[in-house]
Amino acid sequence: DSGECVTLDDVDGIDQYKDTAFNCARVCAVIAFFCGLVLFVFGFFKQCLCPLPCTQLLMDISGAAVQIMLALVYTLWLTEACNRYKCTYGDGGTYLFLTQIFWLAASCFTRCMRPGRWERRDEIRANKAKKQEEKERQQAQQALEEERKKNAALEMENQQLREEA
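Everything quoted here is computed from the prediction, not taken from an experiment.

The rules behind the values
Residues numbered from 1 in each chain as written. Predicted model: local features only at pLDDT ≥ 70, side-chain atom pairs only at ≥ 80, totals over all residues. Heavy atoms only, no water. Helix = DSSP H or I, 4+ residues; strand = E, 2+ residues; numbered from the N terminus. Core = buried A, V, L, I, M, F, W, Y, C linked by side-chain atoms within 4.5 Å. Buried < 20%, exposed > 50% of the residue type's maximum accessible area, 1.4 Å probe, protein only. Contact = heavy atoms within 4.5 Å. Patch = residues over 30% accessible without salt bridge, like charges linked within 9 Å, V, L, I, M, F, W, Y side chains within 5 Å. Areas by Shrake-Rupley, 256 points an atom, 1.4 Å probe, with all protein chains shown as cover. Salt bridge = Lys/Arg side-chain N within 4 Å of Asp/Glu carboxyl O. Phe/Tyr/Trp six-rings, centres within 6.5 Å; stacked < 30°, edge-to-face > 60°. Polar contact = N/O pair within 3.5 Å; in protein donor to acceptor, adjacent residues only side chain to side chain.

Undergrad: When you look at the environment of Asn83 in this model, what are you seeing that I'm missing?
TA: With respect to the helices, strands and loops of the structure, Asn83 is situated in helix 3 (residues 80–85). Once the C-alpha coordinates of Asn83 and Tyr17 are considered, the two residues, 66 residues apart in sequence, prove to be 9.8 Å apart.

Shown next as structure tokens:
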């Protein structure tokens, strides 16, 4: 083993084992990737920039499409190559299963995301204004308290001067 990555197309004689199930698995993996990309882009835009038209609908559709396409990748174990060489669920099967679980979680979480920044902008501005008002109110109270202390000190001085006079 040279430790280098070998692609499937580099294996000698693989063409005789490329059947319909094999091609289905390869195509479905690519489609699942692009559906996941669509889900990511729409989720990113919704949370960080601005919601795109039909965002939630497209995220739901792409999330379901990822699940369907990843499920169709399991047809790889029905290929002629697997029948001949007795394929087992190893690291690739585990990664496929985990990928499907994680994409399922991601597509479910798109339903319970907080509103995006664009949708919360009025709330964010109101909170900033409220904090600014609170800060100004506290500064005014501190100034008023300092003025009261000065007045009390002056009143004490006046009273002492009256008693001396």
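Undergrad: Quick question: what am I supposed to make of the nonpolar core here?
TA: Most often, soluble globular proteins keep nonpolar side chains buried together rather than apart. If you look at the biggest cluster of nonpolar residues, it comprises 11 residues: Cys28, Ala32, Cys35, Ala65, Val66, Met69, Leu70, Val73, Trp77, Cys82 and Leu96. For this core, the elements supplying multiple residues, two or more each, are helix 1 (20–48) and helix 2 (55–73). Residue contributions to this core peak at five residues, all from helix 2. Not counting residues up to four positions away in its chain, the partners in contact with Trp77 are Cys82, Cys87, Thr88, Tyr89, Gly93 and Leu96.

Undergrad: Whenever I open this one, unusual backbone geometry confuses me. Can you help?
TA: Even without being a glycine, Cys54 presents a positive backbone phi close to 55°. Inspection of the secondary structure puts Cys54 in the loop between helix 1 and helix 2.

Undergrad: What am I meant to see in a nonpolar patch on the surface here?
TA: Together, Val30, Phe33, Phe34, Leu37, Phe40, Val41, Phe44 and Leu49 make up an exposed nonpolar region whose accessible area comes to about 760 Å². Checked against the element boundaries, Val30 lands in helix 1.

Undergrad: It is not clear to me how the environment of Cys28 should be interpreted in this structure. Could you clarify?
TA: Its place among the elements puts Cys28 in helix 1. You can call Cys28 buried: its relative accessible area is 6%. As for Cys28 and Val38, which are separated by 10 residues in sequence, their C-alpha atoms are 15 Å apart. Not counting the four nearest positions on each side in its chain, Cys28 is found in contact with Met69, Leu72 and Val73.

Undergrad: How should I be thinking about the packing of aromatic side chains in this particular structure?
TA: To describe a pair of aromatic rings, one takes the distance between the centres and the angle between the planes. Under the counting rule described, the total for this entry stands at three aromatic pairs. Here Phe40 and Phe44 contribute two aromatic rings whose centre-to-centre distance is 6.2 Å and whose plane-to-plane angle is 20°, an arrangement assigned as stacked. Here Phe40 and its partner Phe44 are both found in helix 1, four residues apart, which amounts to about one turn of the helix. Since its relative accessible area comes to 54%, Phe40 is described here as exposed.

Undergrad: Explanation requested: the side chain of Gln56 in the structure shown.
TA: Along the chain, the position of Gln56 falls in helix 2. Engagement of the side chain of Gln56 in a polar contact is seen with the side chain of Lys46, the distance being 3.3 Å. Dropping the residues within four chain positions of it, Gln56 is found in contact with Lys46, Thr110 and Arg111.

Undergrad: Help me understand the pattern of salt bridges, please; the structure alone is not making it clear to me.
TA: Two side chains carrying opposite charge are able to pair once their charged atoms lie near each other. Following the criterion strictly, the structure yields two salt bridges and no others. Of the charged contacts, one joins Arg137 and Glu134 as a salt bridge, the two residues approaching to 2.4 Å between their closest N and O atoms. Linking Arg137 with Glu134, this pair stays in helix 5 (residues 121–164), spanning three residues, or about one helical turn. By relative accessible area, Glu134 is classed as partly exposed at 33%.

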